[in-house]
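# Remarks on the overall topology
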Amino acid sequence: MVKPKVLILSGYGLNCEEEEAFAFELAGGESRIVHINDLIDKKVKISDYQILVFPGGFSFGDDTGSGKAYANRIRDHLWEEVKKFVSEDKLMVGFCNGFQIMANLGLVPALDGKIGERQVALQYNKNSRYINRWVDLEVSGRKTPWLLGIDKFSCPIAHGEGRFYTDPETLIKINERGLAVLKYYEGEICKYQNIEPNPNGSLESIAGIVDETGKIFGLMPHPERALFFNQRPDAPLLKEKYKREGVKIPKEGPGMQIFKNGIAYFK
Amino acid sequence: MISRIAVYQKVPDTRAKSRQKSFQNFPFYKKIKSVDLADIYTIEKILSSEQLKKIGFTLINPVTEGSKIRIISSGSENTLFVNLEHNLKVNFNWAIEIGFLPGVTDNIGKTTRTGIEDHLKLKFDFEEDVYSSQVTFISGALSKSEIKQIAAGMYNPLIQRAHIYDKKDFVSEGKNLFLVPKVSITGAQKVLDVDLNVSDEELAKIGKEGIMGPDGKPRGPLALGLDYMHAIQNYFKSKKRNPTDIELETLAQTWSEHCKHTIFAGPLDDIQEGLFKRYIKGATEKIRKLRGKDDFCVSVFKDNSGAIEFDENFLVTHKVETHNTPSALDPFGGSITGIVGVNRDALGFGLGAKPIFNTYGFCFADPDDNRLIYRDFQKTQAMLLPKRIMEGVIAGVNAGGNQSGIPTPMGFLYFDGRYKGKPLVFCGTVGLIPKKSAGRKSWEKKAKPGDYVIMMGGKVGLDGIHGATFSSESLHSGSPSTAVQIGDPITQKKFSDAIVKEARDLGLYNSITDNGGGGLSSSVGEMAKESGGVIVNLEKVPLKYPGLDPWQIWISESQERMNLAVPKTKWKKFEQLMKSRGVGAWNIGEFTKSGKCLIKYSGKTILDLDLDFLHEGLPKRVQRSAYRVGNFEEPELKQEKDLTKDFANMLGRLNICSYDFLSTQYDHTVQGTAVTYPLQGRGRVNSEAVVVKPVYKSNRGLVLSQGYFPGYSEIDAYKMAAASVDAAFKNAVIAGANPEKIALLDNFCWPSGDDPVRLDQLKKTCEGVYDLSVAYLSPLISGKDSMFNDFKGFDDKGKPVKISVPPTLLITSLGIVDNVENAVTIDAKFPGDLIYVLGETSGELGGSEYYSMLGYEGNRIPEVDPYKNYNLYKNYTKAVEKGLIASAIGINRGGLAVALAKMSMSGILGASVNLKRLPGKFSSDSEALFSESTGRILLTIDPKKKKEFEKLFEEKLSLFKGVAFAEIGKVTNDMSIKATSINNTIVINILVQKALETYRRRFEKW
């Protein structure tokens, strides 16, 4: 069985490429981290890959607004290749800064086939400050290969600009078409730590959206930071509980399934 | 041609809301009706309307933003709108625009410029640029003086400028244009000879105030004492010439306290070899010998960081730096430069280690202290208030750490009024490096004769001129503002990735080092030692703007630069790689074996110094210490019946309370390596140690912790040092470190480094560090000192004041966790679990947080019995390995009371303990609860494991005495913390929820 090939972008301050590459490897894929300039210089072709990943990070330091400058660089140099990739039966995902880049490229939600038109924004958090904590996420809306078999899961967020916003008409369309596939909700971690479910004031608690095919997925959370059970904030308590009950302590963390789903789509 | 692009938010902007909230302490706050923001990009370049519209579009997200472009060219004005109505409606009476002063690093401006060049396929020339600023619109009937007060709180005049417009002014912006902050310097770009054939008085003056510039003003302190000036005078006499200005400046940098650490290195009393060699390096050498084949040190005290073995494939490095003086002047710039700068100590280790996490420690005065102090008698130069400093420092590390993608999980806040003149800002970075890189030992490096001198990263401006000499002096009114720099994390991130992820393992260079304090003069000078000489062509150094004098280019501390030695055959490939990563790299000279440091400029040799003299020519100074008895009033405590109030008040103390607002804004999960968190348990209580897993495929972990007790220093510096080492070591063990694999770092921040009493405290501290590290067989692998943390100025009545920090030692521990599955957290897990205390409690309240709360100092500060403690820690570790520990926390600052509260609050479970059962000798409940005796651990276990657990502690090791321990109570589900006194009454009874509220209240609004 040939391993699906995953291309993870890097450069200019993106910084989650290594852990995301590792996550896809763990899920059975073949990851390759490629600097955006190597794509521009045509040393590597996007079309050789099945999954394209916009990783998290701080591209261009969020100067002029998160994701804008990196999106501009892609639009100026790689737009045709990216559009072609989107038109094929392939998967694309952007985590955090990656989602901000995708939103600024108009890759999600790309309503009515308007690929390239910016339709949503990720604004400054409601306390206008960077925040790193765990959140609980609920899956709803249309089917997407990325979230098959997942009802809910938990993982960290880490961003200063993650407050999902769009105008009322776009929101109606997103909802009608079931594209707001990931929402913050009060689940086990919020209850455990007694913290509010919606960490940044996102409209309708939206944490992630897909395009109309469901194959292009942008989300603020970082599932790659929750690959192992022992990374859960409540792991010390659960471990002690399982130990006393004689239950085997799990290894896998709540963020792993997304990466497995991505790889499974090509198997 | 100048164009101003203003980006407006079309939907409510939370930044504006936060800004409005930040004005709430003004008495006229209620008059403010609304606040709005606009981000401004001022472009100096000839561009067409079409081009400007395109730029305006790239700067917005049309869903939420629009831009207004004003073109101001000679004589004509024009306005364009992108995605914005032409009659833009922002309600305001006043507008405050804040931008940078000329030459200050403007990261947003730089990103915008790069974006424009990329988008429009054009280039900005030397005279053209983009500058960022921000306008805050305020609506409300405020007076001009009220607006001025608001503005004063929003900017720092050392690096920024503010412009206040009323509505009319702003609408007709043209006549009151916010000018382009372009650097215009008229340096002669000439080299001066400095006549040293002068009187001693003149010589001393040059050393103190600096070389006389052509304008008749001294250029800024050289911090060279008369003895150093004599040595320089003699050297040039033997060369039969006078030095050039660049030579003298170079010697000043190289011989500065900041670079040479003369106080630690020089003889003190009968210690001929100096404190560093005897106690710090001496301890490590002894420990390495004692450990024999178990020695895990790989590279210590000779590189930018110290390194230990992590596993068979990797080394971990660590380094902690301070950035105190710059943080006092520009807190944001100072601390971001601090964190980004110490990242380069990882990158500059060996052939380049990857930064894998950051640590921090901030010492401030009480943020509620509103009394101003001034640098000058006329009271025109006010120091920033503690709150401003604190906010800025926190924000700087936030920006530096988060933008670099390096987790910052571990750190502390410590408060004392004596940090009002100078805050202390500790920043540390742990690095990871494979043992082998391109077939070479990764921790070794050597520039070879013939290698090119490569400078990479940012260009050179006037930033931080005299930074190294300046931080070797105390802060006074003549301190130059060019000592302030602002870090640029993204420029650094780009070359960091290019080095550690690509160039290093391609073997493209022979050596690398950080270009920090002292700039090129210091870093190139250091590297020249490896090959035995260097020649630099100064014109090849790229500049940010024209007009710099050669000496300025050479000593500038412009940030985000590294130097490398690249073999001639590899330069093309290296240059190509850097170009393709958007990283600047410039060939500025060649390493030689001439024994000389030579600089050429405009075809002439302007610096010609023997390396021997440059590095070893400074005369040794005689230092003498003098003992002063630290004797304070010994308070008599009343036997209180109920200590619940004291208990609650302790939890709200600045040095105890929650700083969750800070822990959650510092990314601690990036890189996917976090195992235990800075906030632990249901109650999210700050822990004093965290565990991370740096190698994805290995279960081995690292633990980091810190120990610091500046409150003990004036009473007994030896004991202060011992307690600090003990706390850092113990906290690491508690969280899961193997006690045989813990390395330590020492950071000294001292007041008045030339005062004999302070030198005595320094000596005692070194003795304490030596004794404890040797006893724990825990080597010191790296450290740093900062010896003049004093402020001399005037209070608000114009009275002269000197504020000196207390002698502050930070011990940082870096330990290895054999299996991260064994990591331990502080939160109580289940009701019914048994609570134990390991170790003995004595009535050691001197210098404690409890005494401090009551307004006392006292004398009886904790002592350390290292062998007893070490034995206890070993036993504890056995319990961890057997999986017996449900939770554990060190009994540190605030004593048992605080440890118990944290354990209970983090688990959101009650606890009931009996102080009578507590092992040790103490005479009151206050002593039992608040004494800070060392070597104690509070822990909980599953009651079913009682026998197995206690058996561990009853086995006596032949070498050591047994461990004192006792079961003192139980975890309960009645949601209250209760303690029974030594007289069998209830001395503490408080609801967990109530305790948590107090614990969180202090920084709730931050």
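Here's what I pulled together on the structure shown here. (Residues numbered from 1 in each chain as written. Chains lettered and ligands numbered in written order. Predicted model: local features only at pLDDT ≥ 70, side-chain atom pairs only at ≥ 80, totals over all residues. Heavy atoms only, no water.)

## Let's talk about the pattern of salt bridges
Considering all chains together, one arrives at 80 salt bridges over all chains under this definition. A salt bridge links Lys123(B) to Glu117(B); the nearest nitrogen and oxygen atoms lie 3.8 Å apart. Under the relative-accessibility criterion, Lys123(B) is labelled exposed at 64%. Via salt bridges that share partners, Glu17(A), Glu18(A), Lys354(B), Lys493(B), Asp497(B) and Lys501(B) belong to a single interconnected network. (Salt bridge = Lys/Arg side-chain N within 4 Å of Asp/Glu carboxyl O. Buried < 20%, exposed > 50% of the residue type's maximum accessible area, 1.4 Å probe, protein only.)

## Some remarks on helix α4 (residues 79-87) of chain A
Owing to its 3.6 residues per turn, the α-helix aligns residues three or four sequence positions apart on the same side. Residue and element names in this part refer to chain A. Inspection of α4 places Trp79, Val82, Phe85 and Val86 among the buried residues, and these make up the whole buried set. Along α4, the residues classed as buried sweep out an arc of 125° about the axis, all on the same side. Within α4, the exposed residues directed more than 90 degrees away from the buried face are Glu80 and Ser87. Looking at the buried side of α4, the elements it contacts are β3 (51-54), α3 (68-77), β4 (91-95), α5 (97-105) and β11 (216-219). (Helix = DSSP H or I, 4+ residues; strand = E, 2+ residues; numbered from the N terminus. Arc of directions from axis to C-beta. Contact = heavy atoms within 4.5 Å.)

## Considerations on empty space enclosed by the protein
Residues and elements named next belong to chain B. Counting across every chain of the model gives 13 cavities of 30 Å³ or more. For the largest cavity, the calculated volume is near 280 Å³. For the largest cavity, the lining is made up of 24 residues, of which Asn655, Tyr659, Glu688, Tyr708 and Lys902 are closest to its centre. Going through the elements one at a time, β12 (410-415), β26 (701-707), β34 (887-890) and α27 (895-907) are the ones with two or more residues in the lining of the largest cavity. (1 Å grid on protein atoms, 1.4 Å probe; cavity = no way out; pocket = protein on both sides within 12 Å on 5 of 7 lines; lining within 4 Å. Points joined across faces, edges and corners; volume = space filled by probe spheres on them.)

## Things to note about the interface of chain B and chain A
Taken together, the contact between chain B and chain A spans 71 residues of the former and 64 residues of the latter. A combined buried area of about 5700 Å² lies between chain B and chain A, and 49% of that area is made up of carbon and sulfur atoms. If you look at where chain B meets chain A, you find ten salt bridges. Between Asp38(A) and Arg581(B) there is a salt bridge, with its nearest N and O atoms 2.7 Å apart. Where chain B packs against chain A, one counts 37 residue pairs in polar contact (both at pLDDT 80 or more). Counting residues per element, the side of chain B that touches chain A draws most heavily on helix α3 (residues 107-120) of chain B, which supplies six residues. Counted by class, the side of chain B that touches chain A contains 23 nonpolar, 27 polar and 21 charged residues. (Buried area = accessible area lost by both parts, 1.4 Å probe. Polar contact = N/O pair within 3.5 Å; in protein donor to acceptor, adjacent residues only side chain to side chain. Nonpolar A, V, L, I, M, F, W, Y, C, P; charged D, E, K, R; others polar.)

## Some details on unusual backbone geometry
The omega torsion across Val108(A) and Pro109(A) is -10°, close enough to zero to call that bond cis. Position of Pro109(A) relative to the elements: it lies in the loop between α5 and β5 (121-123). The phi dihedral of Ala438(B) falls on the positive side, at around 45°, and the residue is not glycine. Of note in this structure, Ser602(B) is not a glycine but carries a positive phi near 50°. The residue Ser602(B) is located in the loop between β21 (596-601) and β22 (604-610) in this model.

## Things to note about the packing of aromatic side chains
According to the stated counting rule, one finds 52 aromatic pairs over all chains in the structure shown. Centre to centre, the rings of Phe24(A) and Trp146(A) are 6.3 Å apart; their planes meet at 70°, and the pair counts as edge-to-face. Of this pair, Phe24(A) sits in helix α1 (residues 17-26) while Trp146(A) sits in the loop between β6 (131-139) and β7 (152-159), placing them 122 residues apart in sequence. Look at Trp146(A) and you get buried, because its relative accessible area is 0%. The structure contains a cluster of three or more aromatic residues connected by ring pairs, namely Tyr360(B), Phe362(B), Phe364(B), Phe415(B), Phe661(B), Tyr666(B), Phe1003(B) and Trp1006(B). Of note, Lys45(B) hangs over the ring of Phe124(B), and the distance from its end group to the ring centre comes to 5.3 Å. Taking NZ or CZ as reference, Lys693(B) lies 4.8 Å from the ring centre of Phe228(A), over its face. (Phe/Tyr/Trp six-rings, centres within 6.5 Å; stacked < 30°, edge-to-face > 60°. Lys NZ or Arg CZ within 6 Å of the ring centre and 35° of its normal.)

## A few points about the sheet that holds β34(B)
All names here are of chain B. Here we have seven strands laid out as an open sheet, ordered β34-β37-β32-β38-β35-β39-β40, and mixed in their pairing. Whereas interior strands pair on both sides, the edge strands pair on one side only; in this sheet they are β34 and β40 (986-991). Neighbouring strand axes in the sheet, compared pairwise and without regard to direction, differ in orientation by 15° on average. Pairing analysis gives four bridges linking strand β35 (residues 910-914) to strand β38 (residues 965-972), with the strands arranged antiparallel. Residue pairing in the sheet places Val913 in a bridge with Gly969 of β38. Of the strands in this sheet, β39 (976-980) and β40 touch helix α21 (residues 644-651), which is tilted by about 50° from β40. Contacting β35, β39 and β40, helix α30 (residues 992-1001) runs over the sheet at an angle of about 80° to β40. (Pairing = 2+ DSSP bridges. Axes fitted to C-alpha atoms, helices over the stretch in contact; angles between N-to-C directions.)

## Let's talk about the packing of α3(A) against α4(A)
Residue and element names in this part refer to chain A. Here α3 crosses α4 at 90°, and the two axes come no closer than 5 Å. As judged from the angle between their axes, α3 and α4 are roughly perpendicular. Note on element contacts: α4 touches α3 through Trp79, Glu81 and Val82, opposite Ile74, Arg75 and His77. Residue classes in the contact of α3 with α4 are distributed as three nonpolar, one polar and two charged. (Parallel < 35°, antiparallel > 145°, perpendicular 65-115°, else oblique.)

Limitation: the analysis is restricted to geometry and does not speak to function.
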